[in-house]
Amino acid sequence: AHAQCRHRNETRMTEIIEELYKIILSRRNDDPDKSYVAKLFKKGTKKMAQKVGEEGVEVAIAGVSEKKKALIEESTDLIFHLLVLMADRGVDPSDIEKEIRLRMGTSGLVEKKVRNKKL
């Protein structure tokens with residue numbers, strides 16, 4: 001029963017990510033004065049990437065020095081800004097899902113070694 005419950009939660013997370021991604025896509029051409037997403041798209045890819053970096057730092061800080069709630073909030077901000085950047089660059093959440101599935105079952109150390117050889 002526990003595995004089924006966990007699977008159900010994973011499905012819900014996937015659905016939420018996909019729904020948020022669709023909302024981001026639908027708002028990218030809205031009025032930047034009325035939509036934060038449109039404002040980010042207007043500012044361009046570099047600003048979007050900068051926001052991902054800033055949020056990543058905030059997640060790291062919250063992870064070591066703040067309460068769980070702060071980590072949840074900052075992680076949510078990071079995921080949102082990452083999805084905006086992905087939308088800008090034409091990366092669909094399904095692309096990330098495929099990559100994660102490829103890596104699952106592979107030792108993280110082995111996967112990293114293989115990936116570094118490709119670079």
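If you're wondering where the values come from, they're calculated on a predicted model, not measured in any experiment. Residue positions are given per chain, counted from 1 along the sequence in the order it is written. With pLDDT at 70 or above as the cut-off, local features in this predicted model cover only qualifying residues; side-chain atom pairs require 80 or more to be listed or tallied, and sums for whole chains, interfaces and linings still use all residues. The side-chain values count all of the structure's non-hydrogen atoms but skip hydrogen atoms and water molecules.

Looking at the side chain of Glu-74
Next, step 1: In DSSP terms, a helix is any run of H or I states spanning at least four residues, a strand is any run of E spanning at least two, and both are numbered starting from the N terminus. Of note, Glu-74 is situated in helix α4 (residues 68-89).
Next, step 2: Residues count as neighbours in contact if any of their non-hydrogen atoms are within 4.5 Å of one another. Residues within four places of Glu-74 in sequence aside, it is in contact with Glu-55, Glu-58, Val-59 and Ala-62.

Side note on helix α2 (residues 36-43)
Next, step 1: Looking only at α2, the buried set comprises Val-37, Ala-38, Leu-40 and Phe-41. Looking straight down α2, one finds that the buried residues subtend no more than 160° of arc, so they occupy a single side.
Next, step 2: Remark: Gly-44 follows α2 within two positions and exhibits a positive phi of approximately 100°. Buried, partly exposed and exposed residues are distinguished by accessible area as a fraction of the type maximum, computed with a 1.4 Å probe on protein chains only: under 20%, between the cut-offs, and over 50%, respectively. Throughout, the arc means the angular range of directions from the helix axis out to the C-beta atoms.

What about the side chain of Ser-35?
Next, step 1: Considering the arrangement of structural elements, one finds Ser-35 in the loop between α1 (2-27) and α2.
Next, step 2: On the basis of relative accessible area, Ser-35 is assigned to the buried category, the value being 8%.
Next, step 3: Once residues within four sequence positions are removed from consideration, Ser-35 is found in contact with Arg-27 and Asp-30.

Description of the packing of helix α3 (residues 45-65) against α4
Next, step 1: Lines fitted to C-alpha atoms define the axes here, with helix axes fitted over just the stretch in contact, and angles between the N-to-C directions of these axes take values from 0 to 180 degrees. Remark: α3 packs on α4, axes separated minimally by 8 Å, with the N-to-C direction vectors making an angle of 160°. Taken together, α3 and α4 sit at an angle that is classed as roughly antiparallel. For α3 against α4, the interelement crossing comes out left-handed. For the pair formed by α3 and α4, the contact residues are Thr-45, Met-48, Ala-49, Lys-51, Val-52, Glu-55, Gly-56, Glu-58, Val-59, Ala-62 and Gly-63 on the first element and Ala-70, Leu-71, Glu-74, Ser-75, Asp-77, Leu-78, His-81, Leu-82, Val-84, Leu-85, Asp-88 and Arg-89 on the second.
Next, step 2: Nonpolar residues are Ala, Val, Leu, Ile, Met, Phe, Trp, Tyr, Cys and Pro. Charged residues are Asp, Glu, Lys and Arg, and all others, Gly as well, are polar. Of the residues that constitute the contact of α3 with α4, the class distribution is eleven nonpolar, five polar and seven charged. An angle below 35 degrees is treated as roughly parallel, one above 145 as roughly antiparallel, one from 65 to 115 as roughly perpendicular, and anything else as oblique. Handedness of each helix crossing follows the sense of rotation of the near helix against the far helix: counterclockwise by less than a right angle gives left-handed, clockwise gives right-handed.

Here's the deal with the confidence of the model for the protein
Next, step 1: The pLDDT score gives, residue by residue, the confidence of the prediction method on a 0 to 100 scale. For the protein, per-residue confidence averages 88 on the pLDDT scale, and residues scoring 70 or more make up 80% of the total.
Next, step 2: Averaged pLDDT values over the elements of the protein bottom out at 65 in helix α6 (residues 108-118) and peak at 98 in α2.

As for the packing of aromatic side chains
Next, step 1: Side-chain rings of Phe, Tyr and Trp (the six-membered ring for Trp) are treated as a pair once their centres are within 6.5 Å; stacked means planes under 30 degrees apart, edge-to-face means over 60, and tilted covers the remaining angles. Per the stated rule, a full pass over the model turns up one aromatic pair.
Next, step 2: Ring centres of Tyr-36 and Phe-80 lie 6.1 Å apart, and the angle between their planes is 25°; this geometry places the pair in the stacked category. Within this pair, whereas Tyr-36 is found in helix α2, its partner Phe-80 is found in helix α4, the two being separated by 44 residues in sequence.
Next, step 3: According to the relative accessible area criterion, Tyr-36 is partly exposed, its value standing at 41%.

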